[in-house]
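Chain residues, written in single-letter form:
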Amino acid sequence: MQNGKRGVYSGMRSFESGVTRRDFLRRASLTAGFFAVPGAFADELLRQTPWGTQGPLYPDKLPLDTDNDLIIVNDSVTPAVGQITHLSGRILDTRGDPVRDATVEIWQVDSTATYLKERSSRKAGSFDENFQGFGRFLTGSNGGYYFRTIKPVTYPGRSAPHVHFMIKTRGRDPWTTQLYIKGHSGNRRDGIYRAIGDARSQEAVTAEFAPVKDSRIGELAATFDIVLGFTPQG
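This structure is a prediction, so every number in the text was calculated from the model and none was measured.

**Student:** I keep staring at the overall build of the chain and nothing clicks. Help me out?
**Tutor:** When its secondary structure is counted, the chain shows 3 helices and 10 strands. Counting from the amino terminus, helix and strand elements in the chain follow one another as α-β-β-β-β-β-β-α-α-β-β-β-β. The buried share of the chain, reckoned over its 234 residues, is 49%. Sequence separation of at least 24 residues holds for 74% of the intrachain contacts in the chain that already meet a minimum separation of 6. Carbon and sulfur atoms make up 51% of the accessible area of the chain, which totals about 11700 Å².

**Student:** Looking at this model, I keep getting lost on the pattern of salt bridges. Mind explaining?
**Tutor:** Side chains that differ in sign of charge can pair as their charged atoms come close. According to the stated counting rule, one finds 7 salt bridges in the structure shown. A salt bridge links R148 to D69; its shortest N-O distance comes to 3.1 Å. Of this pair, R148 sits in strand β4 (residues 144-150) while D69 is found in the loop between α1 (21-32) and β1 (84-92), placing the two residues 79 residues apart along the sequence. Ionic pairing is found between E118 and R122, a salt bridge with its closest N-O pair at 3.5 Å. A residue is classified by how much of its surface remains accessible, and R122, at 36% relative accessible area, is partly exposed. Overlapping salt bridges, with partners in common, bring together E105, R136 and K168 in one network.

**Student:** Whenever I open this one, the side chain of T177 confuses me. Can you help?
**Tutor:** Position of T177 relative to the elements: it lies in strand β6 (residues 175-181). At 2.8 Å, the side chain of T177 and the backbone oxygen of P50 are in polar contact. T177 has contacts with T49, P50, W51, G52, V163, H164, F165, V205, F224 and I226, leaving out every residue within four places of it along the chain.

**Student:** Got a minute to help me understand the nonpolar core in this structure?
**Tutor:** Soluble, globular proteins show a tendency: their nonpolar side chains are buried together. Within the largest apolar cluster, 33 residues are counted, with the highest numbers of intra-cluster contacts made by L87, I91, Y145, F165, I167, L179 and I226. Only β1, β2 (103-107), β4, β5 (162-168), β6 and β9 (220-223) provide two or more residues apiece to this core. If near-sequence neighbours (up to four positions away) are discounted, L87 is found in contact with I106, Y145, Y146, F147, T149, V163, F165, L179 and A222.

**Student:** Just to check I follow, could you spell out the environment of R100 for this structure?
**Tutor:** Relative to the helices and strands, R100 is located in the loop between β1 and β2. R100 gets classed as exposed once you look at its relative accessible area, which sits at 57%. Between the alpha carbons of R100 and L138 there is a distance of 8.1 Å; along the sequence they are 38 residues apart. Filtering out sequence-adjacent residues up to four positions away, R100 remains in contact with T139, G140 and S141.

**Student:** How do you make sense of the confidence of the model for the chain when you look at a structure like this?
**Tutor:** Segments scoring low in pLDDT should not have their predicted coordinates read at a detailed level. For the chain, the average pLDDT comes to 85, and 79% of its residues sit at 70 or higher. Long-range and interchain partners of residues 6-22, a stretch whose pLDDT sits below 50, account for 53 contacts in this model, where long-range means more than four residues apart. Predicted confidence is poor over residues 29-42, with pLDDT under 50, and the contacts of this stretch with residues over four places away or in other chains come to 25 contacts.

**Student:** I would appreciate a short explanation of unusual backbone geometry in the present structure.
**Tutor:** We note that N74 has phi near 50°; this positive angle belongs to a residue other than glycine. With respect to the helices and strands, the residue N74 is situated in the loop between α1 and β1. We note that D214 has phi near 70°; this positive angle belongs to a residue other than glycine. Tracing the backbone through its elements, the reader meets D214 in the loop between β8 (210-211) and β9.

What counts as what
- Residues numbered from 1 in each chain as written.
- Predicted model: local features only at pLDDT ≥ 70, side-chain atom pairs only at ≥ 80, totals over all residues.
- Heavy atoms only, no water.
- Helix = DSSP H or I, 4+ residues; strand = E, 2+ residues; numbered from the N terminus.
- Buried < 20%, exposed > 50% of the residue type's maximum accessible area, 1.4 Å probe, protein only.
- Contact = heavy atoms within 4.5 Å.
- Areas by Shrake-Rupley, 256 points an atom, 1.4 Å probe, with all protein chains shown as cover.
- Salt bridge = Lys/Arg side-chain N within 4 Å of Asp/Glu carboxyl O.
- Polar contact = N/O pair within 3.5 Å; in protein donor to acceptor, adjacent residues only side chain to side chain.
- Core = buried A, V, L, I, M, F, W, Y, C linked by side-chain atoms within 4.5 Å.
- pLDDT = per-residue confidence, 0-100.

Here it is as structure tokens:
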């Protein structure tokens, strides 16, 4: 258990969003079933996921609650505002082997387009206090990660909504990138997105935020696999 958020692991309390902690756990376990197995792409090296700038808005002070459920802060019963998104994927090396014990961190704006780092300079009530803003997940043997968050919205000065990622592995510098929404009209106007490179590189950091079948509250699911630029040590 981490940071006192009992419900992430064992609670069954219903939220105003209509999702229970049991639902959260069940969906996380189902998602894990789609993660790749070791050596799935061993015959062909994978292309490294394009690097993306960290930017200046990584939290300068991490919240007490840093788990993988950004919708609920600690034991609050009030969920964050926004379209709930189940964000999952795998951390792989260039041979397609899962990277174990990688720390995956994400951060993004809330529904008011405010980053966690900016809250200290904003008036109370001008941002969503119920959005965690930052999350962390440690990968297991399958290299998989999972977050429950909201669909990103546009930030002032940027045309493309995005989620920041930082991958930390032992003995290597942190790797940062950004995830974008497939088909969003702001992508082609966003300078950072355009600077990624060719269409194939842009596609590698773009995911479809697809409706979850039979969800009564309009949840979405997005899958984003990240290929780090190294192969296993021989």
